[in-house]
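One-letter residues, chain by chain:
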Amino acid sequence: AGMPVHTYQPIRSYVYRGGGKWTPGIIRYSRVPASILIEAANLAHRADWQRIRSTNFRQRWAGAVVRAVVASR
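Residues numbered from 1 in each chain as written. Predicted model: local features only at pLDDT ≥ 70, side-chain atom pairs only at ≥ 80, totals over all residues. Heavy atoms only, no water.

(A) Just the overall build of the protein chain, in detail. Regarding its fold elements, the protein chain presents 2 helices and 2 strands. Residue burial in the protein chain is summarised as follows: out of 73 residues, 7% are buried. Within the structure as shown, the protein chain displays about 7200 Å² of accessible surface, and the carbon and sulfur contribution to it stands at 56%. (Helix = DSSP H or I, 4+ residues; strand = E, 2+ residues; numbered from the N terminus. Buried < 20%, exposed > 50% of the residue type's maximum accessible area, 1.4 Å probe, protein only. Areas by Shrake-Rupley, 256 points an atom, 1.4 Å probe, with all protein chains shown as cover.)

(B) Inspection of helix 2 (residues 55-71) at higher detail. Here helix 2 is 17 residues long and its end C-alpha atoms lie 24 Å apart, about the 24 Å a rise of 1.5 Å per residue gives. N-cap assignment for helix 2: the residue whose side-chain oxygen lies 3.3 Å from the backbone N of Asn56 is Ser54. (Expected span 1.5 Å × (residues − 1). Polar contact = N/O pair within 3.5 Å; in protein donor to acceptor, adjacent residues only side chain to side chain.)

(C) Main features of the pattern of salt bridges. Summed over all chains, the structure comprises 1 salt bridge. For Arg51, the salt bridge is made with Asp48, and the minimal N-O distance between the two is 2.7 Å. With Arg51 and Asp48 both in helix 1 (residues 46-52), this residue pair falls 3 residues apart, about one helical turn. (Salt bridge = Lys/Arg side-chain N within 4 Å of Asp/Glu carboxyl O.)

(D) Representation of the environment of Ile36 in the model. Checked against the element boundaries, Ile36 lands in the loop between strand 2 (20-22) and helix 1. Overall, the relative accessible area of 59% leaves Ile36 in the exposed class. With 33 residues separating them in the primary sequence, Ile36 and Val69 have C-alpha atoms 9.5 Å apart.

Given below as structure tokens:
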């Protein structure tokens, strides 16, 4: 919905984490007809790390993802 789409290029050419450089990738030819890849937290970020340890946060996050998927039908 108005977000730029890069058909042949990843949004970022490289990702730097843990002192390493790698190219982001997407699994292709999945047997599942549709796939969603969601990054819920950056575990290197202290606040994210603390949130993701909370059962309440994970439950709210999962609920939000389900509602977004169902609403997009």
